[in-house]
Amino acid sequence: MEQKTVGAQTRRLRTCPSVLSFAAVGGRFEGEGPLREYFDELSEDHFFGEKTWEKGESTMQRHALSRALEKVGLKVSDLDLIFAGDLLNQCVGSSFALRESRIPFYGLYGACSTMGESLSLAALMLDGGYASCAAALTSSHFCTAERQYRMPVPYGSQRTPTAQWTATGSGCCLLACEGEGPYITHVTTGKIVDKGVTDANNMGAAMAPAAYDTLCALFRDTRTKPEDYDLIVTGDLGRLGHQIVSDFFARDGLPLGERYTDCGLLLYDIESQDMHCGGSGCGCSASVLCGYLLRGMREGKWNRIIFAPTGALLSPTTTFQGESIPGICHAVVFSNHKEG
């Protein structure tokens, strides 16, 4: 049997599943940011026509899936599997969005790393011959996340300088066994990393060590260097977490340079929109990938990128109990060419 495991954490995909289609949906603030033109749909209504924010998030997910399917003339019934997740308890944003789809469904929770997790599992299933077409789908919503994790939005609590803005956004990526690319060539599964950060308003510091750990594993397992990639994108570390990861690699003598950025820095104009340390939420990295990054690859702006979204594996209960915040990061390598 051909060896697909490369090192301890990385899997090399023999068939290199192709990105068939992708779509991004966002809210009002996302439409005011620098990536406005890369969204397939933007809504001025935080409720997306529904009676609650939570129902609105489910609607946003359905719209992202529908847009991605429409682009290639497919129906939901053409999918073999759906991998989806969000930030809400019991992943109700995803399960309620897809409860009428009648498609085999994996509900996932990796916090803000969920898009990387869903893409990894979908690609592995296709590469193993267990499906021919699958959807990776993720969302977050500022108002639903604030209600669950922090303070009710009407309370108007003051945000700390290290705080980030949870994106109201959803991204959907359709993968197939055959297609024109970009292709997923490798996936690196992250390990839980906990350095003792307890401040729930400092997600960047909590997640940065996990991003560093996973990227180191990817470079080590594949015997590549940062300069072998056109772009390395984490998410959503924001300004502080991005700087921490940059400092870690500089200390190792592997400066990432300008090829390294973060979805939390790309989605908003941090200064003019007053986003403090930048964007966060699994919808941030999902919408940046399924709008800006994949379109850029198809247009030839980049040929090989690392997409490495990060997640903070906390809950209100653990925060109230004084627990530290474990982090996770799952990395996916996209290439415009299939790699042997």
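On a predicted model such as this, the values are computed, not experimentally measured, just so you know.

**Structural notes on the pattern of salt bridges**
Here comes step 1: For the coordinates displayed, the defined rule picks out 10 salt bridges.
Here comes step 2: In this structure, the salt-bridge partner of Arg-62 is Glu-50, at a minimum N-O distance of 4.0 Å. Of the two residues, Arg-62 is situated in helix 2 (residues 53-71) and Glu-50 in the loop between strand 4 (41-42) and helix 2; the sequence distance between them amounts to 12 residues.
Here comes step 3: The exposure class assigned to Arg-62 is partly exposed, which follows from its relative accessible area of 32%.
Here comes step 4: Look at Glu-50 and you get partly exposed, because its relative accessible area is 30%.
Here comes step 5: A salt bridge links Glu-54 to Arg-147, with the shortest nitrogen-to-oxygen separation between them at 2.8 Å.

**Comments concerning the nonpolar core**
Here comes step 1: Core analysis: the largest hydrophobic core is formed by 49 residues, its most contacted members being Met-115, Leu-119, Leu-175, Ile-184, Leu-289, Leu-293 and Phe-334.
Here comes step 2: The biggest single contributor to this core is helix 9 (residues 282-298), with nine residues.
Here comes step 3: The residues touching Leu-175, leaving out its near neighbours within four places in the chain, are Ser-18, Val-19, Leu-20, Leu-119, Ala-122, Ala-123, Leu-126, Ser-132, Cys-133, Ala-134 and Ile-184.

**Digging into the side chain of Ser-120**
Here comes step 1: Mapped onto the secondary structure, Ser-120 falls in helix 4 (residues 114-127).
Here comes step 2: For Ser-120, a relative accessible area of 7% translates into the label buried.
Here comes step 3: Contacts of Ser-120, omitting those with residues within four sequence positions, involve Val-187, Ala-331 and Val-332.

**Here's the deal with helix 7 (residues 238-251)**
Here comes step 1: Look at helix 7: 20 Å from first C-alpha to last across 14 residues, which is about the 20 Å you get at 1.5 Å a residue.
Here comes step 2: For helix 7, the complete set of buried residues consists of Gly-238, Gly-241, His-242, Val-245, Ser-246 and Phe-249. Angular distribution of buried residues about the axis of helix 7 spans 140°; they occupy a single face of the element.
Here comes step 3: Buried positions along helix 7 lie against helix 6 (203-222), strand 12 (260-262) and helix 8 (263-266).

**Things to note about the environment of Ala-210**
Here comes step 1: Looking at the element boundaries, Ala-210 is found in helix 6.
Here comes step 2: Residue class for Ala-210 comes out buried when judged on its relative accessible area of 0%.
Here comes step 3: It is 25 Å that separates the C-alpha atoms of Ala-210 and Asn-303, two residues lying 93 residues apart in sequence.
Here comes step 4: Discounting chain neighbours no more than four positions away, the residues touching Ala-210 are Val-193, Gly-327, Ile-328 and Cys-329.

About the thresholds
- Residues numbered from 1 in each chain as written.
- Predicted model: local features only at pLDDT ≥ 70, side-chain atom pairs only at ≥ 80, totals over all residues.
- Heavy atoms only, no water.
- Salt bridge = Lys/Arg side-chain N within 4 Å of Asp/Glu carboxyl O.
- Helix = DSSP H or I, 4+ residues; strand = E, 2+ residues; numbered from the N terminus.
- Buried < 20%, exposed > 50% of the residue type's maximum accessible area, 1.4 Å probe, protein only.
- Core = buried A, V, L, I, M, F, W, Y, C linked by side-chain atoms within 4.5 Å.
- Contact = heavy atoms within 4.5 Å.
- Expected span 1.5 Å × (residues − 1).
- Arc of directions from axis to C-beta.

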